[in-house]
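Examining the three-dimensional arrangement
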Amino acid sequence: MIAKLVKLAAAATLALGMSSAWAQGVMHEGTVMDTMNGGGYTYVQIKDADQTFWAAGPQIEVSKGDTVVVQEQMWMSSFTSKTLNRTFDKILFVGRIDKK
């Protein structure tokens, strides 16, 4: 019984640590170079100060030229969107895309 409680406490601590790390992810602000919607997600190609990258988050209205802010959560390599029939070399998945 005690061993089970210890395991549960350890799992809860680990989960809290993970969510805390996500909450402290690096913020990126940049200009939307390209955008598309598919499967309930909005995909945006963002150009910030020193890089251009793709990000995907819950679907929103956004246009080329808009300034957006995203927070790093999970990077994926060679991600294929079946809805868009497209593979992204590297893409950042985010909890939200905020227009500025």
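What counts, and where the lines are drawn
Residues numbered from 1 in each chain as written. Predicted model: local features only at pLDDT ≥ 70, side-chain atom pairs only at ≥ 80, totals over all residues. Heavy atoms only, no water. Phe/Tyr/Trp six-rings, centres within 6.5 Å; stacked < 30°, edge-to-face > 60°. Helix = DSSP H or I, 4+ residues; strand = E, 2+ residues; numbered from the N terminus. Buried < 20%, exposed > 50% of the residue type's maximum accessible area, 1.4 Å probe, protein only. Core = buried A, V, L, I, M, F, W, Y, C linked by side-chain atoms within 4.5 Å. Contact = heavy atoms within 4.5 Å. Salt bridge = Lys/Arg side-chain N within 4 Å of Asp/Glu carboxyl O. Pairing = 2+ DSSP bridges. Polar contact = N/O pair within 3.5 Å; in protein donor to acceptor, adjacent residues only side chain to side chain.

In the nomenclature of an unreviewed UniProt entry, the protein is known as NrfJ of Shewanella youngdeokensis.

1. Re the packing of aromatic side chains
Counted by the stated rule, this structure contains 4 aromatic pairs. Look at phenylalanine 53 and tryptophan 75: their rings are 5.6 Å apart centre to centre, the planes differ by 65°, and that puts the pair in the edge-to-face class. Of this pair, phenylalanine 53 sits in strand 3 (residues 52–58) while tryptophan 75 sits in strand 5 (residues 74–81), and the two are 22 residues apart along the sequence. Here tryptophan 75 falls in the partly exposed class, since its relative accessible area comes to 30%. On the basis of an interplanar angle of 65° and a centroid distance of 5.2 Å, the ring pair of tryptophan 54 and phenylalanine 88 is categorised as edge-to-face. In this pair, tryptophan 54 is assigned in strand 3 and phenylalanine 88 in strand 6 (residues 86–93), connecting sequence segments 34 residues apart. On the accessibility criterion, phenylalanine 88 (2% relative accessible area) is buried.

2. Some remarks on the nonpolar core
The biggest cluster of nonpolar side chains holds 11 residues, and these are Val32, Val44, Ile46, Phe53, Ala55, Val62, Val68, Val70, Leu92, Val94 and Ile97. Elements that contribute at least two residues to this core include exactly strand 2 (41–47), strand 3 and strand 4 (67–71). Residues in contact with valine 70, not counting those within four places in the same chain, are Val26, Met27, His28, Ile46, Phe53, Leu92, Val94, Arg96 and Ile97. One finds Tyr43, Trp54, Phe88 and Ile91 within the second-largest nonpolar core, a separate group that totals 7 residues.

3. Observations regarding the pattern of salt bridges
Going through the model one piece at a time under the given rule, you end up with 2 salt bridges. Its salt-bridge partner being glutamate 29, residue lysine 100 comes within 3.1 Å of it at the nearest N-O pair. Of this pair, lysine 100 sits in the segment after strand 7 (98–99) while glutamate 29 sits in strand 1 (residues 27–38), and the two are 71 residues apart along the sequence. Given a relative accessible area of 67%, lysine 100 falls into the exposed group. Classification of glutamate 29 as partly exposed rests on a relative accessible area of 42%.

4. Describing the sheet that holds strand 2
Read across the open sheet, the 7 strands follow the order 5-6-3-2-1-4-7; overall the sheet is mixed. On the outer flanks of this sheet lie strand 5 and strand 7, each paired with one strand and no other. Alignment of strand 4 against strand 7, held across 2 bridges, turns out to be antiparallel. Bridging from a neighbouring strand, valine 69 pairs with aspartate 98 of strand 7.

5. Details of the side chain of histidine 28
Mapped onto the elements of the fold, histidine 28 is located in strand 1. Among the polar contacts made by the side chain of histidine 28, one reaches the side chain of glutamate 72 at a distance of 2.7 Å. Apart from the residues lying within four places of it in its own chain, the contact partners of histidine 28 are Asp48, Gln51, Phe53, Val68, Val69, Val70, Glu72 and Leu92.

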